[in-house]
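# Inside the fold
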Amino acid sequence: MSALRGGGRPHIVLIGAGHAHLYLMRHRRRLAAADMTIVDPGAFWYSGMAAGVLGGTHAPAEVRIDPVRLARRYGLESIRGRLSGLDRSEHKAQLTDGRTLDYDLISLNLGSSAPTLTALSEGPRVWAVKPIAQLIALRHQLTSAYERGEHPALVVVGGGASGVELACNLHSLAVRYAAPAAITLVSSSRKLIPTAPSGARRWLAGYLRRIGVEVRVGMRAVSHHRGGLLIAEEGVTRGQDAMRLLECDHVIHAGGLAPPGALGGLGLTLGSRGLAVHDTLQSVDDPDVFAAGDCAALVEYVLPRLGVYGVRQAPVLLANLEARLHGRPLQRYRPQAQALTILNLGHDQGLAIRGRLWWAGRSSLLWKRWLDERFMARHRY
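This one's a predicted model, so the numbers in the text were calculated from it and none came from an experiment.

## Section: the overall build of the protein chain
A tally of regular secondary structure across the protein chain gives eight helices and 24 strands. For the protein chain, the residues scored as buried account for 50% of the 381 residues in total. By element, 48% of the accessible surface of the protein chain is carried by carbon and sulfur atoms, the whole surface being about 16,800 Å². For the protein chain, the distance from the average position of its 46 positive side-chain charges to the average position of its 30 negative side-chain charges is 7 Å.

## Digging into the nonpolar core
I12, L86, I106, L108, L275 and L317 are the most contacted members of the largest nonpolar core, which has 59 residues in total. Per-element tally for this core: the top contributor is helix α7 (residues 307-326), with seven residues. If sequence neighbours within four positions are ignored, L86 has contacts with K92, A93, Q94, Y103, I106, L266, L268 and V289. Counting residues in hydrophobic clusters, the runner-up holds 38 residues, among them A114, I132, A174 and L345.

## Description of the packing of helix α1 (residues 19-26) against helix α3 (residues 67-74)
Two elements in contact, α1 and α3, have axes whose closest approach is 9 Å; the angle formed by their N-to-C orientations is 25°. In terms of their interaxial angle, α1 and α3 are classed as roughly parallel. For the pair α1 and α3, the contacting residues are L22, M25 and R26 in the first and P67, L70, A71 and Y74 in the second. Its residues assigned to classes, the contact of α1 with α3 comprises six nonpolar, no polar and one charged.

## Let's talk about the side chain of N320
In this fold, N320 is placed in helix α7. Here the side chain of N320 touches T280 through a polar contact of 2.9 Å, landing on its backbone oxygen. Those residues in contact with N320 that sit more than four places away from it in its chain are T280, F290, L330 and Q331.

## A word on the side chain of H171
With respect to the secondary-structure elements, H171 resides in helix α5 (residues 161-176). There is a polar contact of 2.3 Å between the side chain of H171 and the backbone oxygen of I211. The contact partners of H171, leaving out residues within four places of it in the chain, are A181, I183, I211, G212, V213 and H347.

## Here's the deal with the confidence of the model for the protein chain
Per-chain confidence: the protein chain averages 91 in pLDDT, with 96% of residues scoring 70 or above. Mean pLDDT values over the elements of the protein chain span from 84, in strand β3 (residues 44-45), up to 98, in strand β11 (residues 153-157).

## Digging into a nonpolar patch on the surface
A cluster of nonpolar side chains, namely L357, W359, W367 and W370, defines an oily patch on the protein surface of about 430 Å² accessible area. Broken down by secondary-structure element, the contributors of at least two residues to the nonpolar patch are β24 (357-361) and α8 (362-379). Considering the arrangement of structural elements, one finds W367 in helix α8.

## Description of empty space enclosed by the protein
If you walk through the whole model with that rule in mind, you get two cavities of 30 Å³ or more. What the largest cavity holds in volume is close to 50 Å³. Around the largest cavity, the lining residues are G48, M49, G52, H58, N344, L365, K368, R369 and D372. For the lining of the largest cavity, the element with the most residues is α8, which contributes four residues. Estimated volume of the second largest cavity: approximately 30 Å³. Taken together, G55, T57, N169, S172, N344, G346, H347, D348, L365 and R369 form the lining of the second largest cavity. Looking at the lining of the second largest cavity, the elements that each hand over two or more residues are α5 and α8.

How each quantity is defined
Residues numbered from 1 in each chain as written. Predicted model: local features only at pLDDT ≥ 70, side-chain atom pairs only at ≥ 80, totals over all residues. Heavy atoms only, no water. Helix = DSSP H or I, 4+ residues; strand = E, 2+ residues; numbered from the N terminus. Buried < 20%, exposed > 50% of the residue type's maximum accessible area, 1.4 Å probe, protein only. Areas by Shrake-Rupley, 256 points an atom, 1.4 Å probe, with all protein chains shown as cover. Lys, Arg positive; Asp, Glu negative; His and termini not counted. Charge placed at Lys NZ, Arg CZ, Asp CG, Glu CD. Core = buried A, V, L, I, M, F, W, Y, C linked by side-chain atoms within 4.5 Å. Contact = heavy atoms within 4.5 Å. Axes fitted to C-alpha atoms, helices over the stretch in contact; angles between N-to-C directions. Parallel < 35°, antiparallel > 145°, perpendicular 65-115°, else oblique. Nonpolar A, V, L, I, M, F, W, Y, C, P; charged D, E, K, R; others polar. Polar contact = N/O pair within 3.5 Å; in protein donor to acceptor, adjacent residues only side chain to side chain. pLDDT = per-residue confidence, 0-100. Patch = residues over 30% accessible without salt bridge, like charges linked within 9 Å, V, L, I, M, F, W, Y side chains within 5 Å. Salt bridge = Lys/Arg side-chain N within 4 Å of Asp/Glu carboxyl O. 1 Å grid on protein atoms, 1.4 Å probe; cavity = no way out; pocket = protein on both sides within 12 Å on 5 of 7 lines; lining within 4 Å. Points joined across faces, edges and corners; volume = space filled by probe spheres on them.

Take a look at the structure:
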């Protein structure tokens, strides 16, 4: 075995409990030559079922995985904490509470963050698609309002898959409580889910009309305002005359994801989408630092932020940590050309898309539920 820093038993530190690190924990025996510690701020919330939690079809406990229990089961040490920096010359990871951890190899699987516009004290309540705990809190707020007979107006910002799912499931939640649904979906693009086949987009537009979700395409969110959200036509810069106020009580931002803030303090090269890594999943600056999932930006590819890529990177990450321990050649990650996406559109409806193929209806949602439940069953102990 290659002693990475010379002498002693190697130590692998995992930062974050995303898809790839859950896989590493389950396959701990492959890395038995090293001690392993996972550092995570709390529970893993499975994003694939987040919209269903908001819509009321899943209980929060159904989408939660406890990394501490997994660590105990597979023989890892677990630490509750957050990464604040790296001393790469000394091979030390620094946590926000002042603790430090020695490491030989370190892997980051931190997911992504969801930016929002600045909230105003007298404006609408502001929420983000991540962390998922925010969606759970929003669900509690809305169900309490519906039970009191109130009918809050909602705006979802973002015309991608996440925004569409949230708008549809917010509608489903209102219907569940027999409440009038006032939901507007705002998209800066002139097409919802622009990468989807044209037939799927037409079907989706018709579905949103049927359930009563108002859609504003080609409009960007400008700022929160007392009483609502200011929007403007994308590309128009005529000042206040171009602004429109959407009156609302809540604004949910799902207009895009960003790298987690912790990456900025590591002294490593960042791309626009995360930590810059080679196709071996190693940092371009340091072969002992690995990253996978949403927080990693491969220099050879530009990938959508979908959980399936983190899942597919996991076996390569495992193999390369093992290879690095033993001084063997590393594998290269090659992303699949097409990835399956299935949207939960509420009301027992789904939309499945893979490349130019698509199919919609209850069968799509049943397929999604089977895939989601299979994933959760692997990790729920």
